Amino acid sequence: MIRKPIITVLGHVDSGKTSFLDRIRGTKIVSQEAGAITQHIGATEVPIEIVEKMAGELTKKYGFELNIPGLLFIDTPGHEAFSNLRKRGGSIADLAVLTIDAIKGCEPQTLEAIDILKAFKVPFVIAMTKIDKIHGWESKELSFTENKQNQSKQLLDELDKKIYCIVGETFKKGFPAERFDRIQDFTKEIPIVPLCNKTGEGFSEILLFLAGLSQKFLEKKLTIEVSGKGKGTVLEVKDEKGLGKTIDVVLYDGTIKTGNKITLGGKEGIIETKIRALLLPKPLDEIRAPQERFDSVKEVHAASGLKIAAPNLDKALAGSPIRVEASQEEIEEIKKEISSIKIDSDELGVIIKTDTLGSLEAIIKLLEDKEIKARKADVGEVTRRDVMESLQVKEKDKTKGVILAFNTKINPEAVKEAEKQEIRIFNEKVIYHLIEEYEKWIAEEKEKAKQSFLAEIVLPVKIKLMPENIFRNSKPVIIGAKIIEGKLRTGIKVMKNGKIIGKILAIQEKGENIKEAKKGSEVAISISDATIGRNLNNKDELISFIPENNIEKLEKSNDILTEEEKDLLKKIKEIQKSGGD
C-alpha cells in the first residue's frame, strides 16, 4: 500500500508558513498563535481529489499520474530556535516546502532550514511567497501559469531578479534551483514556485509538484506494510471536553487500533496505556483547531494526523516518540531519547523550563549554538528549587544565574524567592523573544560591568606635548598635547622616562572641559607638580602610570583594549618594572 507522503513546512519567521497552510485548508490559525509564530507542530491532511481539482490541466502538462491517497502536512515552526523540532519533523518527512519571502529573500532561518533538510536528505520544493508584494504585480485566484500571462515584461523581469537571488543562495548551499516551469530534470534542480497566500495564485502548481514528485521519486519509501505496528510522534498534549487528556499524534508508519497498548514518554518516565478512542480530523481540518468534531474510527493507517484518548495521559510529553505494542528494546529506546534531551548537571549554566520536550530540545540546541551552557533543563513549571539552583550559579557568574521559562507556569513561591534573591526569570511565549531578551540582557549587564570597570581602572595612554601651545609653565603646567595612543583621562598620573612627573588635573577641547580624550585628539591639559624646563620639556612624550593591580586586571580583560593599546600596556609595564632605566 502507498501511504500519503508526510510533508514539512519550514522557513524564516513571518515568511508565510502558516498562511501557506491556511490557504490549503481554508482555516485561520495564524491569529491564534503567540507572536504570529507557530509554536507547535500541527498536521493537515489534503486528499488527492483536492490536488487534482486545483491542478486541473497542469497534471497532464507536466506528465504526472497521481495514485497517492493525498498529502499530510506537518506544520513545523520555522524559526531557528526550533532546530531540533524541525529535525524531528525532518526525520519523519518525505518532502518539504521551504517558504521564502519574495521581497526579503533568503534569511538566517531559511539557510538553517536548508542545512537541516540537507542533513536528513529530505528533498524540498521552494514556495516563493508574497509575490503580490512585488510592486505592480496583480495576483489573482488563478494558477501562476495562467496569471503570469497578465503581467508586463517589466514585472516578469522583476520576478526573475527575486528568483535568481534565491537561486544564488541555494546554490551556495549545494542546491541548484530554478523556476519550476524551466526545469528539465527534477532530480538535478529544486523547483521554485512563486505564489500568493492571499489569493491562492501558484497553489495549483505547488500542490501538484508535491504530489507528483512524491509519487515519481518516493514511491518505494511510501510503500508500507499496513499491518505493521504503528510508529509516531506526539505533537501536543491537550484537554478535550468529554475525553479528558488526549494526545495529538503524527503516525508515520504502520497501523494503530482502538484497544492497542501504546508506549510513550512521560514527565515522570515511560507511560504505557490502552487506547480508548482514535479520532481523525475531517479532511482539510487542522487537528489543533477543528471547526467540527472529529470522526471516531477503529483503526488508522500511516500517514495520518490523529488524536488519541486513553487513560493516564496527564503527564504525557509532547515531542515524545510513540510506539504501538512496543517491545522491551523499543521501550528502552524511548527512555534513552527522552533522557538524552533533559539536562541535570553541575555546569555553570542557565536553568531551562519549558512546556514540551520539543521546545526544551530546541532551546538547548539554540543555546549550544551560542555556546551557552545549561545546568538544568526539564519540562514543567518553574519552582523555588530552580531559583535556589540559579542562585548558586549567580554567585559565580551573574549572566548565567538566570531561569529561561518558555510557555510554562511559574510557581508563586518561585516568584517570591526570585524577587528576594534578585534572580532574573525570563518568561516568554515565543522562543524567538525568549532568547532575544536573554541576549539583550546579557549585553546590557556586560556593558554595565565594563563601564564600572573602566570607571575604576587607569588605562594606557601616550601623549606628545605641543611646544607651540604653552599656556602656563608651572603651578600647574598648561600645554597643548596630542593623544598618540590610548585614552587620556583626568585624575591619572603621567610619567617621563619611568618617573612620575605629575597628575592630569583637567583636559580641554575647543574651550570645553572634558573627562576623556581619544587617540588623535589635540587638547589642552593641565599637569600638577610639573614645571617646564625643570622636570618637563615642551616636546616630551608622556605615558600613564598604571598601578600593578590595574595592569593585571587589564591583561585579563579581552575586550577593553585594542591591540595597539595592549602593546603600549606591555611597554608601560616594562618601564615601571625597570624604573625607567
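Because the structure is a prediction, the values reported are computed rather than measured.

Asks: Report on helix 9 (residues 328-341), specifying residues and quantitative values.
Replies: With 14 residues, helix 9 should reach 20 Å at 1.5 Å per residue; the first-to-last C-alpha distance of 21 Å fits that figure. Buried within helix 9 are the following residues: Glu 330, Ile 331, Ile 334, Ile 338 and Ile 341. End-on, the buried residues of helix 9 take up no more than an arc of 105 degrees, which puts them together on one face. Exposed and oriented more than 90 degrees from the buried face of helix 9 are Gln 328, Glu 329, Lys 336 and Ser 340. Where the residues of helix 9 are buried, they touch strand 8 (231-240), strand 11 (261-266), strand 12 (269-274), strand 17 (321-324), strand 18 (343-344) and helix 10 (357-369).

Asks: Give me the sheet that holds strand 20 (residues 374-379): which residues, what numbers.
Replies: The mixed open sheet is built from 5 strands, whose spatial order is 18-20-19-21-22. At either end of the open sheet lies a strand with only one pairing partner, and these are strand 18 and strand 22 (424-428). In the sheet, strand 19 (residues 350-354) pairs with strand 21 (residues 402-406) via 4 bridges, with the strands oriented parallel. Along strand 21, the bridge assignment pairs Ile 351 with Ile 403. Strands strand 18, strand 19, strand 20 and strand 21 of the sheet are contacted by helix 10, whose axis makes an angle of about 150 degrees with strand 19.

Asks: Can you lay out the packing of aromatic side chains for me, pointing to particular residues and giving the numbers?
Replies: Scanning the model with the defined rule gives 13 aromatic pairs in all. One aromatic cluster in this structure is built from Tyr 62, Phe 64, Trp 137, Phe 144, Phe 180, Phe 186 and Phe 209.

Asks: If you had to explain the pattern of salt bridges to someone new, which residues and values would you point to?
Replies: Tallied over the entire structure, the rule returns 37 salt bridges. Residue Lys 238 pairs with Asp 248 through a salt bridge whose shortest N-O separation is 4.0 Å. Separated by 10 residues along the polypeptide, Lys 238 in strand 8 and Asp 248 in strand 9 (residues 244-253) bring together distant segments of the chain. Assessed through its relative accessible area of 17%, Lys 238 is described here as buried.

Asks: Give a description of the sheet that holds strand 16 (residues 304-309) that names residues and reports values.
Replies: Sheet strands line up and pair through hydrogen bonds in the backbone, either parallel or antiparallel. Reading across the sheet, the 8 strands line up as 12-11-17-8-9-16-13-14 and stay open at both edges, with antiparallel pairing between neighbours. Across the chains shown, the open sheet's two edge strands, defined by having one partner strand only, are strand 12 and strand 14 (295-297). Neighbour to neighbour, the strand axes of the sheet diverge by 35 degrees on average, direction disregarded. As paired strands, strand 13 (residues 277-280) and strand 16 are joined by 3 bridges and run antiparallel to one another. Counterpart to Leu 278 in the pairing with strand 16 is Ile 308. Of the strands in this sheet, strand 8, strand 11, strand 12 and strand 17 are in contact with helix 9, which crosses strand 11 at around 20 degrees.

Asks: Pulling in residues and values, what's your account of the environment of Ile 575?
Replies: Residue placement: Ile 575 occurs in helix 15 (residues 563-578). For Ile 575, a relative accessible area of 29% puts it in the partly exposed group. Sequence separation of Ile 575 and Lys 499 is 76 residues, and the distance between their C-alpha atoms is 9.3 Å.

Asks: So what about the environment of Lys 17? Which residues, and what values?
Replies: Note on placement: Lys 17 falls in helix 1 (residues 17-25). Taking relative accessible area as the criterion, Lys 17 reaches 6% and is therefore assigned buried. Distance in space between the C-alpha atoms of Lys 17 and Val 97 is 8.8 Å, their sequence separation being 80 residues.

Asks: Account for the confidence of the model for the protein chain, with residues named and values stated.
Replies: Regions with low pLDDT carry predicted coordinates that are not meant to be interpreted in detail. In the predicted model, the protein chain carries a mean pLDDT of 86, and 91% of its residues have values of at least 70. Under a pLDDT of 50 for its full length, residues 27-41 has, in the predicted model, 47 contacts with residues more than four places off or in other chains. Residue range residues 77-90 is modelled with pLDDT below 50. Its contacts to residues more than four positions away, or to other chains, number 60 contacts.

Asks: Explain the packing of helix 14 (residues 548-556) against helix 15 to me, using residue names and the numbers behind them.
Replies: Running from N to C, helix 14 and helix 15 cross one another at 155 degrees; their axes reach a closest spacing of 11 Å. It follows from the interaxial angle that helix 14 and helix 15 lie roughly antiparallel. Viewed along their axes, helix 14 and helix 15 form a crossing whose handedness is left-handed. Of the residues in helix 15, those in contact with Ile 551, Leu 554 and Glu 555 of helix 14 are Leu 569, Lys 573 and Gln 576.

Asks: Residues and numbers for helix 8 (residues 203-222), please.
Replies: In a regular helix each residue adds 1.5 Å, so 20 residues correspond to 28 Å; helix 8 covers only 23 Å between its end C-alpha atoms and thus falls short of that length. The largest bend along helix 8 measures about 60 degrees and falls at Lys 216.

Asks: So, unusual backbone geometry: which residues are in play, and what are the values?
Replies: Across the junction of Ala 302 and Ala 303, the peptide omega takes the value 0 degrees, indicating a cis bond. Summarising the element assignment, Ala 303 is placed in the loop between strand 15 (299-301) and strand 16. At the junction of Lys 475 and Pro 476, the peptide bond is cis and its omega measures out at -10 degrees in the coordinates. Residue position: Pro 476 is located in the loop between strand 23 (461-472) and strand 24 (477-486). In this model, Lys 130 sits at a positive phi of 60 degrees, which is unusual for a non-glycine residue. On the secondary structure map, Lys 130 appears in the loop between strand 5 (124-129) and helix 6 (144-147).

Asks: I'd like a rundown of the pairing of strand 11, residues and numbers included.
Replies: With 5 of its 6 residues buried, strand 11 lies for the most part within the structure. As paired strands, strand 11 and strand 12 are joined by 6 bridges and run antiparallel to one another. From the neighbouring strand, Ile 262 faces strand 12, where its bridge partner is Thr 273. The turn joining strand 11 and strand 12, which pair antiparallel and follow one another in sequence, is formed by 2 residues. In the sheet, strand 11 pairs with strand 17 via 3 bridges, with the strands oriented antiparallel. Residue pairing in the sheet places Leu 264 in a bridge with Ile 322 of strand 17.

Reading the values: the criteria
Residues numbered from 1 in each chain as written. Predicted model: local features only at pLDDT ≥ 70, side-chain atom pairs only at ≥ 80, totals over all residues. Heavy atoms only, no water. Helix = DSSP H or I, 4+ residues; strand = E, 2+ residues; numbered from the N terminus. Expected span 1.5 Å × (residues − 1). Buried < 20%, exposed > 50% of the residue type's maximum accessible area, 1.4 Å probe, protein only. Arc of directions from axis to C-beta. Contact = heavy atoms within 4.5 Å. Pairing = 2+ DSSP bridges. Axes fitted to C-alpha atoms, helices over the stretch in contact; angles between N-to-C directions. Phe/Tyr/Trp six-rings, centres within 6.5 Å; stacked < 30°, edge-to-face > 60°. Salt bridge = Lys/Arg side-chain N within 4 Å of Asp/Glu carboxyl O. pLDDT = per-residue confidence, 0-100. Parallel < 35°, antiparallel > 145°, perpendicular 65-115°, else oblique. Left-handed = near helix turned anticlockwise from the far one by under 90°. Bend = angle between axes of the 7 residues up to and from the residue.

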